Amino acid sequence: IANGIALHGGFLPYTSTFLMFVEYARNAVRMAALMKQRQVMVYTHDSIGLGEDGPTHQPVEQLAALRVTPNMSTWRPCDQVESAVAWKYAVERHDGPTALIFSRQNLAQQDRTEQQLADVARGAYVLKDCAGQPELILIATGSEVELAVAAWDQLTAEGIKARVVSMPSTDAFDKQDPAYREAVLPKAVAARVAIEASIADYWYKYVGLNGAVVGMTTFGESAPAELLFEEFGFTVANVVKQAKAVL
């Protein structure tokens, strides 16, 4: 229906459901991307943090599938500021559909400078940094950004020069000029950890084969979100452990 409305023109259609249920609309999503139709697809309950509904309702591979779909722009914001930027990006986009991926959890508001705010629309930006070149880069999206920031606090307190990169949209970041991408993810910094409560394999394109990914390699389980995050390693202690292992 949304594809038909988009093709008819005159309206900007948007749809909304749990991220897991993109599976029921896969052909329609693919056709929207194939036809480069302007519409917004809003997906909530975006990770194993969904809770007691269990693995049938917990998305694991869906984010990666959306990201690798040609002409699709996929955003997973970490707070209301990134959400507003993502919505603006989606509304102003005319050459394909945009998926906005939202958490069930309450997420911490992040402090930003004017420059950081301007850089959100570029898909990835430096949220926390150190003096000089970092020894380590933590890359995170959505609900895991605050986890990366908490790990950055601990690493910084221990004298490790670390950087946090929030990457709400990998496709928007990949379209940036080489100088900007290098400024955010310097090639010289090989020690990298990506943190996302989704399929881990996608992130090796950013951390390299020697980097670490705190992500999912299995389906989820049925339990409250806080227990699942601890069970699958989405904790400050584990992020710090993985960070030190790649240094």
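Structural notes, computed from the coordinates. (Residues numbered from 1 in each chain as written. Predicted model: local features only at pLDDT ≥ 70, side-chain atom pairs only at ≥ 80, totals over all residues. Heavy atoms only, no water.)

### Structural notes on the overall build of the protein chain
Okay, step 1: Of regular secondary structure, the protein chain possesses eleven helices and nine strands.
Okay, step 2: Relative to the globule expectation of 18 Å for 247 residues, the C-alpha radius of gyration of the protein chain, 18 Å, shows essentially globular dimensions.
Okay, step 3: With respect to the three principal axes, the spread of C-alpha positions in the protein chain is 60 × 45 × 30 Å.
Okay, step 4: Going through the 247 residues of the protein chain one by one, you find that 53% of them count as buried. (Helix = DSSP H or I, 4+ residues; strand = E, 2+ residues; numbered from the N terminus. Rg over C-alpha atoms; globule rule 2.2 N^0.38 Å. Buried < 20%, exposed > 50% of the residue type's maximum accessible area, 1.4 Å probe, protein only.)

### Here's the deal with the sheet that holds strand 3 (residues 73-75)
Okay, step 1: Taken together, four strands build an open sheet; the order of strands is 1-2-4-3 and the sheet is parallel. If you trace the sheet from one side to the other, it starts and ends with strand 1 (14-18) and strand 3, each paired once. Here the average twist between neighbouring strands, direction ignored, is 15°.
Okay, step 2: The sheet contact formed by strand 2 (residues 40-44) and strand 4 (residues 98-101) spans four bridges and is parallel. What sits directly across from V40, in strand 4, is T98. (Pairing = 2+ DSSP bridges. Axes fitted to C-alpha atoms, helices over the stretch in contact; angles between N-to-C directions.)

### So, helix 2 (residues 26-34)
Okay, step 1: Taken as a whole, helix 2 has its buried residues at V29, A32 and A33. Taken down its axis, helix 2 places every buried residue within 95° of arc, on the same side. Away from its buried face, by an angle of more than 90 degrees, helix 2 presents the exposed residues N27, R30 and L34.
Okay, step 2: Among the structural elements, helix 1 (2-8), strand 2 and helix 3 (62-67) are those in contact with the buried residues of helix 2.
Okay, step 3: Looking one or two residues past helix 2, K36 carries a phi angle of roughly 55°, positive in sign. (Arc of directions from axis to C-beta. Contact = heavy atoms within 4.5 Å.)

### Some details on the environment of S83
Okay, step 1: Within the secondary structure layout, S83 lies in helix 4 (residues 80-92).
Okay, step 2: The class for S83 is buried, based on a relative accessible area of 18%.
Okay, step 3: The spacing of S83 and H45 is 38 residues in sequence and 15 Å in space, taken between C-alpha atoms.
Okay, step 4: Beyond its immediate stretch of four places on either side in the chain, S83 contacts P77 and F102.

### Notes on the nonpolar core
Nonpolar side chains in soluble globular proteins generally cluster together in the buried interior.
Okay, step 1: L136, L138, I139, L185, V193, I195 and F234 are the most contacted members of the largest nonpolar core, which has 55 residues in total.
Okay, step 2: The element contributing the most residues to this core is helix 6 (residues 145-157), with seven residues.
Okay, step 3: Setting aside chain neighbours within four positions, we find L138 in contact with A148, A151, W152, L155, R163, V164, V165, V193, I195, V239 and A243.
Okay, step 4: Listed in part, the eleven residues of the second largest apolar core include L19, V22, L63 and L66. (Core = buried A, V, L, I, M, F, W, Y, C linked by side-chain atoms within 4.5 Å.)

### Things to note about the environment of M216
Okay, step 1: Mapped onto the elements of the fold, M216 is located in strand 9 (residues 212-216).
Okay, step 2: Here the alpha-carbon distance between M216 and V60, two residues 156 residues apart in the chain, equals 6.8 Å.

### Focus: the sheet that holds strand 5 (residues 125-128)
Okay, step 1: The strand order 5-7-6-8-9 describes an open sheet built from five strands, whose pairing is mixed. Edge positions in the sheet fall to strand 5 and strand 9, since each of these pairs with one other strand and no more. Mean inter-strand twist for the sheet, computed between neighbouring axes without regard to direction, equals 25°.
Okay, step 2: As paired elements, strand 6 (residues 136-140) and strand 8 (residues 192-199) share four bridges and run parallel to each other. From the neighbouring strand, L138 faces strand 8, where its bridge partner is V193.

### Notes on the packing of helix 6 against helix 11 (residues 236-246)
Okay, step 1: It is the contact of helix 6 with helix 11, at a shortest axis distance of 9 Å, that shows an interaxial angle of 60°. By the criterion of interaxial angle, the relationship of helix 6 to helix 11 is oblique. Like other packed secondary-structure pairs, helix 6 and helix 11 cross with a definite hand, here right-handed. Of the residues in helix 11, those in contact with L147, A150, A151, Q154 and L155 of helix 6 are V236, V239, V240, A243 and K244. (Parallel < 35°, antiparallel > 145°, perpendicular 65-115°, else oblique. Left-handed = near helix turned anticlockwise from the far one by under 90°.)

### Re helix 6
Okay, step 1: The end-to-end C-alpha separation of helix 6 is 18 Å, in line with the 18 Å expected for 13 residues at 1.5 Å each.
Okay, step 2: Inspection of helix 6 places V145, L147, A148, V149, A151, W152 and L155 among the buried residues, and these make up the whole buried set.
Okay, step 3: Structurally, helix 6 contributes buried residues whose contacts are with strand 5, strand 6, strand 7 (162-166), strand 8 and helix 11.
Okay, step 4: A positive phi of about 85° marks G159, the residue just after helix 6. (Expected span 1.5 Å × (residues − 1).)

### Describing the packing of aromatic side chains
Okay, step 1: Under the defined criterion, the tally for this structure stands at ten aromatic pairs.
Okay, step 2: With a centroid separation of 6.3 Å and 85° between ring planes, the pair formed by Y14 and W87 is classed as edge-to-face. Taken together, the positions of Y14 in strand 1 and W87 in helix 4 put the pair 73 residues apart, joining distant regions of the chain.
Okay, step 3: Accessibility expressed as a relative area gives 56% for Y14, which makes it exposed.
Okay, step 4: Owing to a relative accessible area of 39%, W87 belongs among the partly exposed residues under this scheme.
Okay, step 5: Aromatic side chains W75 and Y89 sit 4.8 Å apart centroid to centroid with 50° between the ring planes, which places their arrangement in the tilted category. Linking W75 in strand 3 with Y89 in helix 4, this pair joins segments that are 14 residues apart in sequence.
Okay, step 6: By relative accessible area, which is 0% here, W75 ends up buried. (Phe/Tyr/Trp six-rings, centres within 6.5 Å; stacked < 30°, edge-to-face > 60°.)

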